[in-house]
Amino acid sequence: MRLAIISDIHGNFTALQAVLADIKLQKVDDIICLGDIVTLGPQPKEVLHTLKELNCVIIKGNHDAAVVDPELAEEYEITEYLIPDLYWCREQLTKEDLKLIESFKTTHEMVLPNGINVLFFHGSPLSLIDIIQATTEPELLDKFFEGQKATVLIGGHSHIQMYRRYGEKLIINAGSVGNAFKFAYSPGNVPSLLPWAEYTILSQNENTLDVDLRRVYFNTDDLLKLVAESNLPGTSWWLNQYSKES
Ligand SMILES: [Fe+2]
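Residues numbered from 1 in each chain as written. Predicted model: local features only at pLDDT ≥ 70, side-chain atom pairs only at ≥ 80, totals over all residues.

Caption draft 1: Region of the structure containing the pairing of strand β4 (residues 107-111). Inspection of the sheet shows β4 paired to strand β5 (residues 117-121) by 5 bridges, in the antiparallel sense. Residue pairing across strands places Val 111 opposite Asn 117, the latter belonging to β5. Hairpin geometry of β4 and β5 is characterised by an intervening segment of 5 residues between the two adjacent antiparallel strands and by a positive phi of about 95 degrees at Gly 115. (Pairing = 2+ DSSP bridges. Helix = DSSP H or I, 4+ residues; strand = E, 2+ residues; numbered from the N terminus.)

Caption draft 2: Structural detail: the pairing of strand β10 (residues 208-217). Where strand β9 (residues 196-205) and β10 come together, 10 bridges link them in antiparallel fashion. The partner of Trp 196 across the bridge, within β10, is Tyr 217. The hairpin formed by β9 and β10 contains 2 residues between the paired strands, and Glu 206 there has a positive phi angle of roughly 50 degrees.

Caption draft 3: Focus on the sheet that holds β4. Taken together, the 5 strands give an open sheet; going across it, the order is β4-β5-β6-β8-β7, and neighbouring strands pair in mixed fashion. At either margin of the open sheet sits one strand with a lone partner, and together these are β4 and β7 (162-166). The sheet shows a mean angle of 15 degrees between the axes of neighbouring strands, taken without regard to direction. Direction of pairing for β5 relative to strand β6 (residues 152-155): parallel, over a ladder of 3 bridges. Paired with Val 118 across the two strands is Val 152, which belongs to β6. (Axes fitted to C-alpha atoms, helices over the stretch in contact; angles between N-to-C directions.)

Caption draft 4: Representation of the sheet that holds β10 within the structure. Strands sit in the order β3-β2-β1-β9-β10 across an open sheet of 5 strands; the sheet is mixed. The strands lining the two open edges of the sheet, one partner per strand, are β3 (57-58) and β10.

The following block contains the structure:
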């Protein structure tokens, strides 16, 4: 059983196409998406419609919840300067698109053929906005995973790939397809983007389990050209990314 786990695409269709091309070569059985699919980037419609065609499980991210209910943006921890991008994104989508996003569930459970329980989520099993990092204290992890029978826990949200074993549990962050952060986000400190897409393949074969944290380089010039041609409120931020010097 081979699963490709993609997350935090954020309207970056250029990166998604590159990742889907790589996934095709990897011959997976299924794709699972962990949310934050449409906001921030220049091609929300293309991303949503492609995922719909894939007919894969999609988990709701905090940005997905906020694009459906923009008046609750603060509750979903959308930074104030991103609010215009949220409304721009809504304008690109139809009512049906928003209904589809609203229908995404918040967690997904799966039992692998060898009996291992896997749980998928965006931030934590409890919330779309919890952040799990390599440095998250054990007490918090215990709270997030209390009562969980899953021993493999896979999320997104931090935009930083991670493989962390905690007791009998394996905690994975699939990474961000469209917004791979150079450093962890903290309020007032927006990290710059790395010029590649990240995703993960989980393989279970007989008595082995294997995690492949993959990186796919995509054409950032193509993406920035699309951004420059759009009327996206966050255009100037995007155009400052991927500089060769940084
Ligand atoms: Fe995100």
